[in-house]
Amino acid sequence: MKAQASALTDDFDAPLVTIEEDEEAREEDLWFLPGPLDEEPDDLPPGPRAEPPDTDVIEDWAKAESVHAARLARVAGRLGALDDRLLRGPEGWRHRLALIEAADLSWFAGDRVSADRLALWVSMRLSGAQDDPNALARVGWAVRRLTGGPGPKADLAAFLDRRDPEIIEGSAERFEDRAGGWLDVMAAAAELHPITRACMGFHLWSLAGLGQHGDQMEAAVTASRIAACDGSGAVFAPLALGGAGGLRVSGLPPERLVRWLDGMNSAILTAMRHLDDAETWSARAEGVMSQLSGRTPAALRSALTEWPLVSAPMAEALTGASRAAVQRNLAWMEERGLIREVTQQGRFRMWRIKD
């Protein structure tokens with residue numbers, strides 16, 4: 001029987017070829033296959049990138065707050081002093097400051113409603129032919145929200161008097177969803193000071209899609225309520241009483257916050273001066289009018305303290321006195337130097353306290 005030749009090589013000096021190397025060699029011979037993906041040029045356009053979460057902006061505002069911590073503490077202290085003063089003062093002071101703040105905000109928002117027109121509209125719903133009823137309605141809403149009521153955190157849609165229509169186009173985003181997104185960001189920033197949080201919310205208002213005609217008014221009123229949310233006497237934090245420079249929208253968060261703090265500081269000081277003047281006048285008027293009898297003088301004095309400007313029909317409606325009694329007391333007070341007439345005309349006259 002013939003022996004078969006051995007298939008094993010007797011050359012022990014030849015290198016041993018492993019299975020992995022043999023497979024690599026075979027793969028190199030497959031020249032018709034495409035190369036690895038990382039070797040091919042990427043000629044495709046870039047795809048959509050994931051949007052950063054809305055709460056990422058909170059970190060920028062937290063850094064801005066740390067930079068201006070000392071300035072923030074000073075403004076917070078002044079707001080606390082105003083809150084304590086309003087808590088101990090008469091109810092009319094809050095209403096007086098709300099009217100002045102709303103009138104100043106209307107000029108910032110472009111409605112330009114003067115204090116006398118606003119007083120007539122709020123007290124008696126009177127307007128002239130030259131007045132814009134929509135502007136008066138917007139400023140009247142601001143007065144109501146600055147005077148009291150639930151804040152924006154409970155129900156922003158109810159606070160703004162805005163609701164989604166019953167029928168919404170498929171591509172349109174619901175207002176409740178936009179408002180909910182803004183409220184979520186504000187809730188996530190709970191560690192920030194209320195003044196900083198108010199500033200952040202004001203500057204995120206348009207980005208959240210909450211803007212409409214008059215949105216600057218809405219944003220400012222909402223922010224002023226948030227800034228004073230920890231107070232007991234002050235319903236809102238003044239923003240426009242000293243000018244609207246703090247509401248200017250430009251720059252990075254540190255720049256916006258420092259303007260906000262400076263503007264609020266000026267507005268608070270202006271509000272304190274208004275209260276000083278009202279308190280001094282009230283004490284002086286009480287002494288001068290002590291010789292008068294009846295309830296009309298005291299009611300009229302209270303109305304002049306509560307409202308920046310008062311007309312005879314307004315005083316009649318506010319005091320419940322007759323037109324003759326109101327006009328007689330107004331004339332008496334004007335003669336004694338307690339009030340002065342500001343319109344300088346025979347009809348539709350308005351009076352204010354005389355410093």
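Computed from a prediction, not measured in an experiment: that's the story for all the values here. (Residues numbered from 1 in each chain as written. Predicted model: local features only at pLDDT ≥ 70, side-chain atom pairs only at ≥ 80, totals over all residues. Heavy atoms only, no water.)

Chemist: Run through the packing of helix α2 (residues 57-67) against helix α9 (residues 194-204), naming residues and quoting values.
Modeler: Each pair of packed helices can be described by the angle between their axes along with the distance between the axes. Axis separation between α2 and α9 bottoms out at 11 Å; the angle between their running directions is 135°. Put simply, α2 runs oblique to α9. In this structure, α2 meets α9 at a crossing whose hand is right-handed. On α9, the residues that touch Val57, Ile58, Trp61 and Glu65 of α2 are Thr196, Cys199, Met200, His203 and Leu204. Among the residues making up the contact of α2 with α9, the classes are represented as six nonpolar, two polar and one charged. (Axes fitted to C-alpha atoms, helices over the stretch in contact; angles between N-to-C directions. Helix = DSSP H or I, 4+ residues; strand = E, 2+ residues; numbered from the N terminus. Parallel < 35°, antiparallel > 145°, perpendicular 65-115°, else oblique. Left-handed = near helix turned anticlockwise from the far one by under 90°. Contact = heavy atoms within 4.5 Å. Nonpolar A, V, L, I, M, F, W, Y, C, P; charged D, E, K, R; others polar.)

Chemist: Which residues make up α2, and what are the values?
Modeler: By the burial criterion, the buried members of α2 are Ile58, Trp61, Ala64 and Glu65. Angularly, the buried residues of α2 cover 120° about the axis, an arc narrow enough to put them on a single face. Structural note: α2 exposes Glu59, Ser66 and Val67 on the side pointing more than 90 degrees away from its buried face. Tucked into the core, α2 has its buried residues touching α3 (69-88), α8 (175-188), α9 and α11 (253-288). (Buried < 20%, exposed > 50% of the residue type's maximum accessible area, 1.4 Å probe, protein only. Arc of directions from axis to C-beta.)

Chemist: With reference to specific residues and values, describe unusual backbone geometry.
Modeler: Positive phi values are uncommon outside glycine, yet Arg112 reaches one of about 55°. You can see Arg112 is positioned in the loop between α4 (91-109) and α5 (115-124). Relative accessible area serves as the criterion here: at 58%, Arg112 is assigned to the exposed category. Even without being a glycine, Asp161 presents a positive backbone phi close to 60°.

Chemist: Before we move on, can you summarise the packing of helix α12 (residues 296-306) against helix α14 (residues 323-335) with the specific residues and values?
Modeler: For the pair α12 and α14, interaxial distance at closest approach is 10 Å and the crossing angle is 70°. Regarding the angle of α12 to α14, the classification is roughly perpendicular. Judged by the twist between their axes, the crossing of α12 over α14 is right-handed. When α12 is examined against α14, the residues Thr296, Pro297, Leu300 and Leu304 are found in contact with a partner set consisting of Ala325, Val326, Asn329, Leu330 and Met333.

Chemist: Describe in detail the confidence of the model for the protein chain, supporting the description with residues and values.
Modeler: Low-pLDDT stretches of the model should not have their predicted coordinates read in fine detail. Per-residue confidence for the protein chain gives a mean pLDDT of 85, with 81% of residues at or over 70. For the protein chain, helix α1 (residues 19-29) is the element with the lowest average pLDDT, namely 55, and α3 is the one with the highest, namely 97. This model gives residues 4-9 a pLDDT under 50, and the stretch forms zero contacts once residues within four places in sequence are excluded. (pLDDT = per-residue confidence, 0-100.)

Chemist: I'd like a rundown of the pattern of salt bridges, residues and numbers included.
Modeler: It is possible for side chains bearing opposite charge to pair when their charged atoms get close. Counted according to the given criterion, the structure contains 14 salt bridges. A salt bridge links Asp276 to Arg85, with the nearest nitrogen and oxygen atoms 2.5 Å apart. Highlighted residues: Asp276 in helix α11 and Arg85 in helix α3, separated in sequence by 191 residues. On the basis of relative accessibility, which here comes to 13%, the residue Arg85 falls in the buried class. Here Arg336 ties to Glu335 by a salt bridge, and the two come within 3.4 Å at their closest N and O atoms. Judged by relative accessible area, which is 63%, Glu335 ranks as exposed. (Salt bridge = Lys/Arg side-chain N within 4 Å of Asp/Glu carboxyl O.)

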